[in-house]
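Descriptive structure summary
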Amino acid sequence: MNNPSSRPWLALAAGVAVVATLPWMVSDFMASVLLSCLMYIALATSWSLFCGATRYLSLATSAFFGVGAYTSAMLLGVLPWPLVILSGALIATIVAMVMGAAVLHLRGTYFAVLTFGMTELIRHAITFVEKQVSGTVGRVLTVVPSNETVYLTVLLIAAGAIATAMAIQRSRFGLALSGIGADEQRAQTLGVDTRLAKIAGFGITAAFAGAVGAAMAVRWTYIEPAAVFSPFIGFQTVLIALIGGATSLGGPILAAIVFSLLAETLRLQLPYGYMMVLGLLLILCVMYLPNGLATLWQRRKPAAGAHHG
């Protein structure tokens, strides 16, 4: 029997198996492009998991990424690699829960601006502590795992983010998040603990961003706050998710692949061209495809949603 509900899981498993073999079959340059694809798939999927459902616009991705990267830089020589990644995820989650408890009662522009402000606050705090404690701002990474290990780690994190998003979409927790996005007051009257649901969702997003940061940190031999807390990482994640379609599963994955390829080709020849293409696509999506690129294939099956209404 072919169970339709198991098809996405089989597709994910097959996709992971194929992508896992690629670094041994392509050039080093292509392997680094693939790694960039996987990084943004993990970041955009985990961002959409919370922000797509609740319609909260978080600009804190680079904060969680940076926290994960710094955790990795400090623990690399001390703990085994899997524990380094888990530590990055755990500390990013704790930061998100503290941040979420403080700002998740706000919505819209206020929430977006505050998450961006908190990211900058964390970056400056780490810069200050580094100067006070070690006298320097950056950290040199001496013990690093092989490129293949990093690639497979980021692949597993990306697969984990997709699997988590798939599981949440079908769960009561996923319904609660969508309810918050549709009408938070109504969700509360229906018995949803909206505060708890938002903090938990925000924490899950941060766990993946922290894990990605911890894994990607070793791609740089020298780590400094300006690089790992780069607002560019956060903005690009948001743009990829919105252009792909933050409420869909496939949209952010497709957009992450397209933009990683675009970034690598355009950034070398036309560094500003890439940002212009990104901005232009976002404007076009907002005007003509409010649900991102996912609108294109959702239009083909308009009847599918009618049965659930």
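Refer to the structure printed above.
**Structural notes on the packing of aromatic side chains**
Applying the stated criterion across every chain yields a total of eight aromatic pairs. With a centroid separation of 5.5 Å and 80° between ring planes, the pair formed by F64 and F202 is classed as edge-to-face. Placement of the pair is F64 in helix α3 (residues 61-75) and F202 in helix α9 (residues 194-216), with a sequence separation of 138 residues. Assigned by exposure class, F64 and F202 land together as buried. An angle of 85° between the planes, with centres 6.4 Å apart, marks the rings of F65 and W220 as edge-to-face. With F65 in helix α3 and W220 in the loop between α9 and β2 (222-223), the pair connects residues that are 155 residues apart, well separated along the chain.

**A short note on the packing of helix α6 (residues 147-169) against α9**
Running from amino to carboxyl end, α6 crosses α9 at an angle of 170°, the nearest separation of the two axes being 9 Å. By the criterion of interaxial angle, the relationship of α6 to α9 is roughly antiparallel. Judged by residue contacts, V150, T153, V154, I157, G160, A161, T164 and I168 of α6 engage I204, F208, A211, V212, A215 and M216 from α9. Split into classes, the residues belonging to the contact of α6 with α9 amount to eleven nonpolar, three polar and no charged.

**Re the environment of V140**
With respect to the helices, strands and loops of the structure, V140 is situated in strand β1 (residues 139-140). Taking the C-alpha atoms as reference points, V140 and V218, 78 residues apart in sequence, are found 9.8 Å from one another.

**Quick word on the nonpolar core**
Core analysis: the largest hydrophobic core is formed by 85 residues, its most contacted members being M39, F64 and F202. Of the residues forming this core, the biggest block, 14 residues, is contributed by helix α2 (residues 28-54). Leave out the neighbours within four places in its chain, and F64 touches A92, V95, A96, M99, F202, A206, A209 and G210.

**Overview of the pattern of salt bridges**
Charged atoms that come close allow side chains of opposite charge to pair. According to the stated counting rule, one finds three salt bridges in the structure shown. Among the ionic pairs, R123 bridges to E120, the shortest N-O distance being 2.8 Å. Here R123 pairs with E120, and both are found in helix α5 (residues 108-133), just three residues apart, close to one helical turn. Comparing R123 with E120 shows no difference in burial state: the two are buried. With a closest N to O distance of 2.7 Å, K198 and E184 form a salt bridge. With K198 in helix α9 and E184 in helix α8 (residues 184-189), the pair connects residues that are 14 residues apart, well separated along the chain. Taking the relative accessible area as the measure of exposure, K198 reaches 4% and is therefore buried. Here E184 falls in the buried class, since its relative accessible area comes to 15%.

**Regarding the side chain of S58**
Position of S58 among the secondary structure elements: in the loop between α2 and α3. Classification of S58 by relative accessible area gives buried; the value is 2%. Separated by 3.2 Å, the side chain of S58 and the backbone nitrogen of A60 make a polar contact. Not counting residues up to four positions away in its chain, the partners in contact with S58 are W47, C51, F111, T115, F202 and V238.

**Focus on a nonpolar patch on the surface**
Among the surface-exposed residues, L280, I283, L284, M287 and Y288 lie close enough to one another that they form a single nonpolar patch of about 540 Å² accessible area. Along the chain, the position of I283 falls in helix α13 (residues 271-288).

How each quantity is defined
- Residues numbered from 1 in each chain as written.
- Predicted model: local features only at pLDDT ≥ 70, side-chain atom pairs only at ≥ 80, totals over all residues.
- Heavy atoms only, no water.
- Phe/Tyr/Trp six-rings, centres within 6.5 Å; stacked < 30°, edge-to-face > 60°.
- Helix = DSSP H or I, 4+ residues; strand = E, 2+ residues; numbered from the N terminus.
- Buried < 20%, exposed > 50% of the residue type's maximum accessible area, 1.4 Å probe, protein only.
- Axes fitted to C-alpha atoms, helices over the stretch in contact; angles between N-to-C directions.
- Parallel < 35°, antiparallel > 145°, perpendicular 65-115°, else oblique.
- Contact = heavy atoms within 4.5 Å.
- Nonpolar A, V, L, I, M, F, W, Y, C, P; charged D, E, K, R; others polar.
- Core = buried A, V, L, I, M, F, W, Y, C linked by side-chain atoms within 4.5 Å.
- Salt bridge = Lys/Arg side-chain N within 4 Å of Asp/Glu carboxyl O.
- Polar contact = N/O pair within 3.5 Å; in protein donor to acceptor, adjacent residues only side chain to side chain.
- Patch = residues over 30% accessible without salt bridge, like charges linked within 9 Å, V, L, I, M, F, W, Y side chains within 5 Å.
- Areas by Shrake-Rupley, 256 points an atom, 1.4 Å probe, with all protein chains shown as cover.

The values are spatial; any link to function lies outside them.
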